[in-house]
Amino acid sequence: MFFVIFLRLAYIQVVWGIDLQAKASSQWQRALPVKAYRGNIADRNGRVLASSETGYALYARPQSVSDAEGCAQSLAPLLMVSYDVLYAKLTQKGVSEVTLARTLTARQAQQVRELNLDGVYLASVGMRNYTYGDFLSQVLGFVSSDGSGQSGLEAYYDKYLKGLDGKILTETDLVGKELPQGEMSYVAALDGMTVTLTIDAVIQTLAENALQLAMYQQQPQSARCIVMDVTTGEILAMASKPSVDLNNLPRDDVETLMKYSRNTLVTDIYEPGSTFKVLTAAACLEEYRKGNPRAFSAEHVFANNSGSRIIDGSKISCWTTHANGKHSNQTLSDALNNSCNPIFTDIALSLGRETMYDYLQKFGYGSVTGIDFAGEQAGILMPESAVTRANLARIGFGQTVAVTALQLACATAAAVNGGYLMRPYLVKEISDPTTGKTVKRFSPTVQSRPISSQTSSQIASMLQRVVTEGGGKNAYIEGYEVGGKTGTAQKFVDGALAVGKYVSSFVGFFPASSPKYLCLMIVDEPQGQSYGSIVAAPYAGLIFGGIIDYLQIPPTSS
């Protein structure tokens, strides 16, 4: 019998020991949370964009509150909370602590201290602060009232930013009242890590200023911009207007909050129009290089006397009337320069559905780019088996296909950077602010290689001509090799073309001989003029000029 008792005692102490100690601790100890400070978000050069400032949270232990009525009356005006709500919390049964306020200012905290209320405790917490307010707002995102990431990078990298909360342990009696002579122990909080972005705050400022100017001059519904390094896939700037002030969010108006805080460059799709012709031209030249008899060389002359095509009873026209033989006979470079739809119709139909869809997939259309950001859309491609000749003809010049702005930027970058489709990314590294050690580092990733370096060089040269002589000339910068392509696409509303509503765009890069910086500018529903050459290209030129001044880039030509 004693042997059985001995075994039972051993089992309780050894096997159950840890669990029983924890249960006992929970009965005679109460924990007051110590909130970890959320980690900083900084640009690539270390400039802090989001940080945590000292704030305070207010807690109460109902068992230790000696005068619930007086306490509720004193705190109600200070916290701007009704007496009834506070009284209910202060008299709540069966709980050790209740939260009275998640965030208090230093002044409010001092007022609480002066009240000297039994059973009421202050704890320091980090209050999120965004250095520049309405800056990179759709990318940074914001946190919820309890400090958890709710959107943008704040949500995507929440597990690194949020840190690990600590606690203050105090001894209490059987009913939860703090013992006057009880011991107190402290478990320190571990603050969140620092997230360093690929974003350059100076280039981001250039982009935001250009968008603000476009909003003022063109009066559109919105304007958006991406600037990226075509050699690495790093996003240097990403902005949309209108946006929100992250320090003054309209949390009481959810519809407005979601509308202006959504990163539409990643989440929304649109018909790209003529900017998509870069892919069709690249596919044509690459297939010719491979020996495909259905492809055309750069020197091939396309007869285009009528300026239109009839495909399965559907008429496809050029944007100009072709009066006086204009655009009548053109090479591929001429067609890009003049943005002539019928030529790209001929190319798409000649290459065929299977080949065109092969390049669509290689350039990343129809699938997400893999950017480190939640909510990315894959765009819309018709099922290959369902594509008619008329559909294929329109895909050739950027209709009957829907893409995200990010997809288009990445695909164009692949067309001019030597043929490499890079995975775009927003974060360079994550580091421990205490030790300075890098916890995670992100590096360039090649996802596919749709075209050769020779084809890429040809495309870059042709697109440089578009800026020097053609529709992109408003992005031209004297002494610098700028290339690009404009686009003007009519919008669909409720399944039908909307009269007078256009998405105007320009995608450009420099230097054309060795591309490094790419900018996609999109102006949605500009008032008055709608051509991308007029309402989008000039603002990309402003951004390129700003980058040149900022980085002191020398001219590449006289």
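Relevant structure appears above.
Anyway, here's the lowdown on the structure attached to this text. Bear in mind that the values here come from a model prediction, so they are computed numbers and not experimental data.

Overview of the overall build of the protein
Turning to step 1, where the next piece is worked out: The helix and strand tally for the protein stands at 20 helices and 23 strands.
Turning to step 2, where the next piece is worked out: For a compact globule of 558 residues, the expected C-alpha radius of gyration is about 24 Å, and the protein comes in at 31 Å, more than 25% above that figure.
Turning to step 3, where the next piece is worked out: Within the span of the protein, comprising 558 residues, buried residues form 53% of the whole.
Turning to step 4, where the next piece is worked out: Excluding contacts between residues fewer than 6 apart, the proportion of contacts in the protein whose partners are at least 24 apart in sequence is 72%.
Turning to step 5, where the next piece is worked out: Surface summary for the protein: the accessible area is close to 25300 Å², and the carbon and sulfur share equals 51%.
Turning to step 6, where the next piece is worked out: Computing the positive centroid from 46 side-chain charges and the negative centroid from 49, the protein places the two 5 Å apart.

Observations concerning a nonpolar patch on the surface
Turning to step 1, where the next piece is worked out: On the surface, a nonpolar cluster with roughly 510 Å² of combined accessible area is contributed by Met 1, Phe 2, Ile 5 and Leu 9.
Turning to step 2, where the next piece is worked out: Relative to the elements of secondary structure, Ile 5 occurs in helix 1 (residues 2–15).
Turning to step 3, where the next piece is worked out: Judged by relative accessible area, Ile 5 falls into the partly exposed class, the value being 42%.

Overview of the pairing of strand 18 (residues 427–431)
Turning to step 1, where the next piece is worked out: Note that strand 8 (residues 194–197) and strand 18 share four bridges and pair antiparallel. When the sheet's bridge partners are listed, Leu 197 is paired in strand 18 with Val 427.
Turning to step 2, where the next piece is worked out: Pairing analysis gives three bridges linking strand 18 to strand 19 (residues 438–441), with the strands arranged antiparallel. Considered in strand 19, the bridge of Ser 431 is made with Thr 438.
Turning to step 3, where the next piece is worked out: Counting the residues between successive antiparallel strands, the hairpin from strand 18 to strand 19 contains six residues, one of them, Gly 436, with a positive phi of roughly 80°.

Thoughts on the packing of helix 3 (residues 68–79) against helix 4 (residues 83–90)
Relative placement of two packed helices is described by the angle separating their axes and the distance separating the axes.
Turning to step 1, where the next piece is worked out: For the pair helix 3 and helix 4, the least separation of the axes is 8 Å and the interaxial angle reads 135°. One way to sum up the angle between helix 3 and helix 4 is to call them oblique. The two elements helix 3 and helix 4 meet at a crossing, and its hand is right-handed. Contact with helix 3, carried on its side by Ala 68, Glu 69, Cys 71, Ala 72, Gln 73, Leu 75, Ala 76 and Leu 79, involves Tyr 83, Leu 86, Tyr 87 and Leu 90 of helix 4 and no other residues of that element.
Turning to step 2, where the next piece is worked out: Grouping the amino acids of the contact of helix 3 with helix 4 by side-chain chemistry returns 10 nonpolar, one polar and one charged.

Section: the pattern of salt bridges
Turning to step 1, where the next piece is worked out: For the structure shown, the criterion picks out 19 salt bridges.
Turning to step 2, where the next piece is worked out: Note that Lys 516 is salt-bridged to Asp 229, the shortest N-O span being 2.7 Å. One end of the pair, Lys 516, is in the loop between strand 22 (496–510) and strand 23 (517–524); the other, Asp 229, is in strand 9 (residues 222–229), with 287 residues separating them in the sequence.
Turning to step 3, where the next piece is worked out: Using a relative accessible area of 29% as the deciding quantity, one classes Lys 516 as partly exposed.

Looking at the packing of helix 17 (residues 405–416) against helix 18 (residues 453–469)
Turning to step 1, where the next piece is worked out: The contact between helix 17 and helix 18 brings their axes to 6 Å, and the two run at 110°. Regarding the angle of helix 17 to helix 18, the classification is roughly perpendicular. From helix 17, Ala 414, Ala 415 and Val 416 reach across to helix 18, where they touch Ser 456, Ile 459, Ala 460 and Leu 463.
Turning to step 2, where the next piece is worked out: Its residues placed into classes, the contact of helix 17 with helix 18 shows six nonpolar, one polar and no charged.

Calculation criteria
- Residues numbered from 1 in each chain as written.
- Predicted model: local features only at pLDDT ≥ 70, side-chain atom pairs only at ≥ 80, totals over all residues.
- Heavy atoms only, no water.
- Helix = DSSP H or I, 4+ residues; strand = E, 2+ residues; numbered from the N terminus.
- Rg over C-alpha atoms; globule rule 2.2 N^0.38 Å.
- Buried < 20%, exposed > 50% of the residue type's maximum accessible area, 1.4 Å probe, protein only.
- Contact = heavy atoms within 4.5 Å.
- Areas by Shrake-Rupley, 256 points an atom, 1.4 Å probe, with all protein chains shown as cover.
- Lys, Arg positive; Asp, Glu negative; His and termini not counted.
- Charge placed at Lys NZ, Arg CZ, Asp CG, Glu CD.
- Patch = residues over 30% accessible without salt bridge, like charges linked within 9 Å, V, L, I, M, F, W, Y side chains within 5 Å.
- Salt bridge = Lys/Arg side-chain N within 4 Å of Asp/Glu carboxyl O.
- Pairing = 2+ DSSP bridges.
- Axes fitted to C-alpha atoms, helices over the stretch in contact; angles between N-to-C directions.
- Parallel < 35°, antiparallel > 145°, perpendicular 65-115°, else oblique.
- Left-handed = near helix turned anticlockwise from the far one by under 90°.
- Nonpolar A, V, L, I, M, F, W, Y, C, P; charged D, E, K, R; others polar.

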